[in-house]
Amino acid sequence: MKKVYAFLADGMEEVEALMVIDLLRRTKQLEVVTVSVTDDLLIESSHKIRVYADQKISDIDFEQGDCIFLPGGMPGTTNLEQCSLLTEQVKAYAEQGKVVAAICAAPSILSHLGLLVDKNATSYPSFASEMNCKNYGGGVVTDGNIVTAKGLGVALEMGLELIRILVDAQCSQTVAETIQFEG
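For clarity, every value in this text was computed on a predicted model and none was experimentally measured.

(A) How the structure looks around the sheet that holds strand β11 (residues 146-149). The strand order β5-β2-β1-β6-β7-β11-β10 describes an open sheet built from seven strands, whose pairing is mixed. At either end of the open sheet lies a strand with only one pairing partner, and these are β5 (55-56) and β10 (140-143). Examined bridge by bridge, strand β7 (residues 99-103) and β11 share four bridges and lie parallel to one another. Across the sheet, V100 pairs through a bridge with I146, a residue of β11. Its contacts with the sheet place helix α3 (residues 84-96) against β1 (2-8), β6 (67-70), β7 and β11, and it is angled at close to 130° to β6. Against the sheet, helix α5 (residues 155-166) contacts β1, β2 (30-36), β6, β7, β10 and β11, and its axis sits at roughly 175° relative to β7.

Here it is in structure tokens:
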């Protein structure tokens, strides 16, 4: 079973995070582990909603993962990017061909790490100037092992795209039908 590490930080956009996590877990074919980037499992979102992560970053084995997912939100994105262990592993996953996914403001982290120079990518529009990529724009953009999404409005599509990549198209379609998504 493939393992997805979904990283949570204070100030995250909770619906982006939870929509993708929920969809991936619905497959029953992916192990999704929510991970706090601090020594506290309790995360407070940008809208003051509290969520408990499954594990702390210091307790996970990155070698066991197949995908890193970074939700957006502010200052959640800033808090994710300030975690050097996370940014080192994002680079390692990208270099190893493992899936790296980021939504809203979080694709800017990938850009700051130099991972998008030869990639098509997108982000929340106010971060467009920070996106050093080959081509910019779109709702959900997959280029090789990198998946970026514009924001909350496409979180559902991003979740389904990650299912397509990590499991298969049929599973993605089944989950879409189960939740009554007709996109």
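Now, onward.
(B) Geometry of the side chain of N145. Within the secondary structure layout, N145 lies in the loop between β10 and β11. With relative accessibility at 14%, the residue N145 sits in the buried group. Setting aside anything within four residues of it in sequence, one finds N145 in contact with Y93, A94, G97, K98, V99, V100 and K119.

(C) Focus on the pairing of β6. Of the two faces of β6, both are covered, the one formed by C67 and F69 as well as the one formed by I68 and L70. In terms of strand pairing, β1 meets β6 through three bridges, oriented parallel. In the sheet register, Y5 faces β6, and the bridge partner there is I68. Pairing geometry for β6 and β7, over four bridges, is parallel. For C67, the partnering residue across the bridge sits in β7 and is V99.

(D) Looking closely at the packing of aromatic side chains. Under the criterion given, the structure shown has four aromatic pairs. Ring geometry for Y5 and F7: centres 6.4 Å apart, planes at 55°, overall tilted. For the pair F62 and Y93, a centre-to-centre distance of 6.4 Å together with 85° between the ring planes defines the contact as edge-to-face. With a gap of 31 residues between them, F62 in the loop between β5 and β6 and Y93 in helix α3 connect regions that are remote in the sequence. Members of the aromatic cluster, each reached through a chain of ring pairs, are Y5, F7, F62 and Y93. Geometry around Y93 places K98 over its ring, the cationic atom sitting 4.6 Å from the centre.

(E) Up close: the nonpolar core. Grouped together as the largest cluster of nonpolar side chains are 33 residues, with contacts concentrated most on L8, L24, F69, M158 and L162. Examining the composition of this core, we find that seven residues originate from one element, α5, more than from any other. Filtering out sequence-adjacent residues up to four positions away, L162 remains in contact with V20, L24, V99, A101, V147 and V167. Core analysis: the second largest hydrophobic core is formed by 28 residues, I68, L86, V90 and L110 among them.

(F) View of the environment of T38. With respect to the helices, strands and loops of the structure, T38 is situated in the loop between β2 and β3 (42-44). The exposure class of T38 is partly exposed, given its relative accessible area of 38%. Put simply, T38 and L80 are 42 residues apart on the chain and 9.6 Å apart in space, counted from C-alpha to C-alpha. Here D40 takes part through its backbone nitrogen, which lies 3.1 Å from a polar atom of the side chain of T38.

(G) Structural context of the environment of V20. Along the polypeptide, V20 turns up in helix α1 (residues 14-26). A residue is classified by how much of its surface remains accessible, and V20, at 0% relative accessible area, is buried. In contact with V20, other than residues within four places in its own chain, are F69, A155, M158, G159 and L162.

Cut-offs and rules
Residues numbered from 1 in each chain as written. Predicted model: local features only at pLDDT ≥ 70, side-chain atom pairs only at ≥ 80, totals over all residues. Heavy atoms only, no water. Pairing = 2+ DSSP bridges. Helix = DSSP H or I, 4+ residues; strand = E, 2+ residues; numbered from the N terminus. Contact = heavy atoms within 4.5 Å. Axes fitted to C-alpha atoms, helices over the stretch in contact; angles between N-to-C directions. Buried < 20%, exposed > 50% of the residue type's maximum accessible area, 1.4 Å probe, protein only. Phe/Tyr/Trp six-rings, centres within 6.5 Å; stacked < 30°, edge-to-face > 60°. Lys NZ or Arg CZ within 6 Å of the ring centre and 35° of its normal. Core = buried A, V, L, I, M, F, W, Y, C linked by side-chain atoms within 4.5 Å. Polar contact = N/O pair within 3.5 Å; in protein donor to acceptor, adjacent residues only side chain to side chain.

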